[in-house]
Amino acid sequence: MRYSFDSPEPEPKPDERQGLMSTPPSTTPKDEVEWLPLQNHPVFSTTTASSGGAVQSSTFRMPTNLLAWDGASRLYFWDQDKHCLHRISIRLGEPHTSSVLAASPSKVLRADVQLKFVVSKISINRNGSALLLAGPDGLSVMYLYGCTSTKDGSGTSICRTVSIGSHIYSSGNNVIRTLQVSWHPCSDSHMGILSSDSVLRIFDLSTALEQPEQEYYLQPVEPGRCRNAASICPVEFSFGGDHLWDRFSVFVLFSDGSVYILCPVVPFGSVYKWESILEMYHDAQTFGLESSYPKAVSNSNRAITWLEATFPELCLEATGGNLSAVKAQPYALFDASISLQGPLPKVGHGGEEDIHAQVEESEGRAVSLLYNAISKDSILVTAWSGGQLQIDALADEIQPVWIVGTPPRVCFDSHDRITGVAMICESVTGDHSALKLYEPSDHTVWSGYPPPLLRLAMVDLALPRNRESTSLISMVSDPLIPERMFVLHDGGIDSIVLHFLPFTSQTSSKNESMRTPSVHPVLCTSQGGYSSPLFGFLALSDSFGYSWIVGLTSSRECIVLEMKTWDLLLPVHVEREGVATLDESRVNDNPVISKELLSGPKVVLLPPSSNLRSVTADSIEGRSTLHQYFKLFHENYVEYAHKVYFELKHHGPQLKKIIEDQHGRLRGAHQKLLKVEEKQENLDDRIARATHVHSLLEERLQRLRNLPGVRKKPLSKEEREFKSELDRFTGVELDALHSSIEALNARLQRYAHSSQGNPSNQRRQMSSRRKNYVRDDHISLLKSSLAKLSLVNSENTKKVKLLESTLSHRQSSG
């Protein structure tokens, strides 16, 4: 037994943040639970499957996956026919390593509201408390804990279900489609949504469900190798992994195969390791501030400012403290927006970019992107609709890049805390051809250049050519072996294993040549030219190193396969030599007595021609018979005794060595136990000190809350208008303005003196006033006409500039 269950459906505590109702105990008796193989579970019965759901699901633009796993002991399956969710308790590797057991009956969960869209994909968050229900026409999240059971005795639980961004993605005949939805790996309540309007939105389910927390409007300037509208359409995105600035990066794939990077993108309140943040902080100070290039110094200064504001604990680093994790605070630069770094240049091993070869190798359009962090390498895999996989590795580290002068839009609450950020992310135009693969790091570190992609391999899946153009290819990384990934397509599942990683192989001092990836077919779902796509896929693994894959066919049939892991990354010659040397070392170390000695001495047989009863000892025959017996005894027993003595004498030092080794290991184990006991005492002391410090901090926080706070109020509308008017006069010369005022004053005084003494002048003034009224009307009409002419002139100027740019663009492309 690898796992022990008191009940197949244990109910955890409800999520207090969501304010859900408490969960009653399960109504299923323990004696009615039956454990059977997962593929034989009743919910996967083919007799209950309907063809309508399968046909409708085949038209979805996003890959269909109706299975989810919480990473422990629960598997979820969305029933499209009954519009409910099945929660199945599973046991991995029982009773055999190749089997997966499931509890029957399953727990049925239903949404408390009626879903107005067809669910094509489900995904569970990091802690297993919420499940995403995604479809082409809507998004909803079902909270799995805090359910209420129905009163009809069926055991069905009603779960709270909320809609995400309904005014954006589900507003009737809305043309905005969701391209991909993904949970953030460092938060339990944040999810990213990429839509067809080229906008990446990040929602925080704990604060707002309709208003996104962060919005990034993607506007690439260079369309890539294809200069048409389809080449700048986003296809998929992926959050980065646990490696330097990769954890703050978002990789975006466009339909022409170009990859762009957004960095830094951090959900408000997400948690990160303190050691990782400290490593990035020291890296920016060491390699950025000490650079001889002003651009690198300014970029690193901006990154350090962002780190100190997002993680205030960095400013208190000198005071000490044992932190394990820190939470990201809401922050955004007010004078700069995040740059859309890219397109990432693709270089070969010679260090030169070869676009024509890439165009010939790939067919169709890019449909899927997979990011995977393997040791010190960051791997990007791009799937094309023609069945090719482009495997690249980042040849340089990612650094954050901002575009100064394009301020974002920031929303505040009543306490002056940032609640939302929206910005336009543009690509920096420039010549990146100067960036080479083997260029010194002083020229590339913190210089704002996007990291180049090093081509590792190009894999052709050899898919049938008569496939539909709407078919998609999706990729999933193995949770147990990061070097392996699974590729799902209409024909089935393939396994691809990477045997060469640039930075990892270099740091491990492996003098191996670059080995191509190995491709193995795992499951084939095409028969007689007809292919049936999978409607669900999972990669399961346990703590013992065993791995399985679970697939769901269109006919609602469940498939469970065990995957080998222990010898997957070893070359064939290395494996044989290693096993042989290991066996030989074991044979030489163990004091095994030879088989000849274990069989014992030979049995002494009587001579065939001898008759002991008729022979006396004093006769010649008796003496010869005794001589033969002595000879046989000497040849068998005495020599055997000598062999036993020699064998024991030979194994004596070896046995002594083994006993001393065992005693040494025993002493080492005792020392480790003593160290553990000492560490336990230190841990107890640290916990006590931490509790005391926590209480002191709470008291200090209460005192700080009682202090009178002064909030900075933003400028009112009238103040902003007055400030803008003042800004208009900043560039005016004061001397010219003073001289104009003095001239006007002098003319006014002369006119006043001349009009006072002459009565005829007064009559002229009366008549001139009447004429001035008429002139004023004409002047006002002239002013309005002049304003209209200026507007028309500005519009015509803009149109002329637009025509000139279009003509120049066509001439350059021609």
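Please read all numbers here as calculations on a predicted model, not as lab measurements.

**Q** Please give an account of helix 4 (residues 294-310) that cites residues and values.
**A** Compared with the 24 Å implied by 1.5 Å per residue over 17 residues, the 24 Å span of helix 4 between its first and last C-alpha is a close match. Along helix 4, the residues that are buried comprise Ala 296, Asn 299, Ser 300, Ala 303, Ile 304, Trp 306, Leu 307 and Thr 310. In a view along the axis of helix 4, the buried residues occupy a sector of 160 degrees, so they form one face of it. On its buried face, helix 4 sits against helix 3 (274-288), strand 21 (325-327) and strand 28 (402-404).

**Q** Go over the pairing of strand 4 (residues 84-92) with me, naming the residues and quoting the values.
**A** Along any regular strand the residues' side chains alternate between the sheet's two faces. Taken across its nine residues, strand 4 has nine buried, putting it largely inside the fold. Alternating positions in strand 4 separate into two faces, Cys 84, His 86, Ile 88, Ile 90 and Leu 92 on one and Leu 85, Arg 87, Ser 89 and Arg 91 on the other, with burial throughout. Hairpin connection, strand 3 (residues 74-79) to strand 4: the antiparallel pair is bridged by four residues, and His 83 has positive phi, about 55 degrees. Where strand 4 and strand 6 (residues 107-111) come together, three bridges link them in antiparallel fashion. Residue pairing in the sheet places Leu 85 in a bridge with Leu 109 of strand 6. Bridge count between strand 4 and strand 5 (residues 100-104): three bridges; the pairing is antiparallel. In the sheet register, Arg 91 faces strand 5, and the bridge partner there is Leu 101.

**Q** Just give me the short version of the packing of aromatic side chains, but keep the residues and values in it.
**A** For the structure on display, the rule yields 15 aromatic pairs. Relative to Trp 306, the ring of Trp 245 has its centre 6.1 Å away and its plane inclined at 40 degrees; by these criteria the two rings are tilted. A residue pair is termed long-range when its members are at least 10 positions apart, and Trp 245 in the loop between strand 17 (234-239) and strand 18 (250-254) and Trp 306 in helix 4 qualify at 61 residues. The pair Trp 245 / Trp 306 is uniform in exposure class, with both members buried. Three or more aromatic residues joined by ring pairs make a cluster, and in this case those are Trp 245, Phe 248, Tyr 272, Trp 306, Phe 311 and Trp 446. Positioned above the aromatic ring of Trp 35, the side-chain terminus of Arg 91 is 3.8 Å from the ring centre. The ring centre of Tyr 449 lies 5.6 Å from the NZ or CZ of Lys 295, which sits over that ring.

**Q** Run through the sheet that holds strand 40 (residues 558-563), naming residues and quoting values.
**A** One open sheet holds the three strands; their spatial order is 38-39-40, and the pairing between them is antiparallel. With one partner strand each, in any of the chains shown, strand 38 (536-541) and strand 40 form the two edges of the open sheet. The mean inter-strand angle of the sheet, taken between neighbouring strand axes irrespective of direction, is 15 degrees. Judged from the six bridges that link them, strand 39 (residues 547-552) and strand 40 form a sheet pairing that is antiparallel. Within the sheet, the bridge partner assigned to Leu 552 lies in strand 40 and is Cys 558.

**Q** Quick one: what's the story with the nonpolar core, residue by residue and with numbers?
**A** The nonpolar side chains of soluble globular proteins are, as a tendency, buried together. Counting residues in hydrophobic clusters, the biggest one holds 62 residues, and the most contacted among them are Tyr 216, Trp 245, Phe 248, Leu 262, Phe 311 and Leu 380. With six residues, the single largest contributor to this core is helix 3. Other than its neighbours up to four places away in sequence, Leu 262 contacts Leu 200, Tyr 216, Leu 218, Phe 248, Ser 249, Val 250, Ile 338, Ser 339, Leu 340 and Cys 425. Core analysis: the second largest hydrophobic core is formed by 37 residues, Trp 69, Ile 88, Ala 102 and Phe 117 among them.

**Q** Describe the packing of helix 3 against helix 4, naming the residues involved and giving the relevant values.
**A** The contact between helix 3 and helix 4 brings their axes to 9 Å, and the two run at 160 degrees. By the angle between their directions, the pair helix 3 and helix 4 is classed as roughly antiparallel. When the axes of helix 3 and helix 4 are compared, the crossing they make is left-handed. Contacts from Met 280, Tyr 281, Ala 284, Gln 285 and Gly 288 in helix 3 reach Ala 296, Val 297, Ser 300, Ile 304, Leu 307 and Glu 308 in helix 4. Counted by class, the contact of helix 3 with helix 4 contains seven nonpolar, three polar and one charged residues.

**Q** Go over the pairing of strand 13 (residues 178-183) with me, naming the residues and quoting the values.
**A** In this sheet, strand 14 (residues 190-195) lies alongside strand 13 in antiparallel orientation, the contact comprising five bridges. By the bridge assignment for strand 14, Val 181 is matched with Ile 193. If you look at the hairpin formed by strand 13 and strand 14, you'll find six residues sitting between the two strands.

Criteria and thresholds
Residues numbered from 1 in each chain as written. Predicted model: local features only at pLDDT ≥ 70, side-chain atom pairs only at ≥ 80, totals over all residues. Heavy atoms only, no water. Helix = DSSP H or I, 4+ residues; strand = E, 2+ residues; numbered from the N terminus. Expected span 1.5 Å × (residues − 1). Buried < 20%, exposed > 50% of the residue type's maximum accessible area, 1.4 Å probe, protein only. Arc of directions from axis to C-beta. Contact = heavy atoms within 4.5 Å. Pairing = 2+ DSSP bridges. Phe/Tyr/Trp six-rings, centres within 6.5 Å; stacked < 30°, edge-to-face > 60°. Lys NZ or Arg CZ within 6 Å of the ring centre and 35° of its normal. Axes fitted to C-alpha atoms, helices over the stretch in contact; angles between N-to-C directions. Core = buried A, V, L, I, M, F, W, Y, C linked by side-chain atoms within 4.5 Å. Parallel < 35°, antiparallel > 145°, perpendicular 65-115°, else oblique. Left-handed = near helix turned anticlockwise from the far one by under 90°. Nonpolar A, V, L, I, M, F, W, Y, C, P; charged D, E, K, R; others polar.

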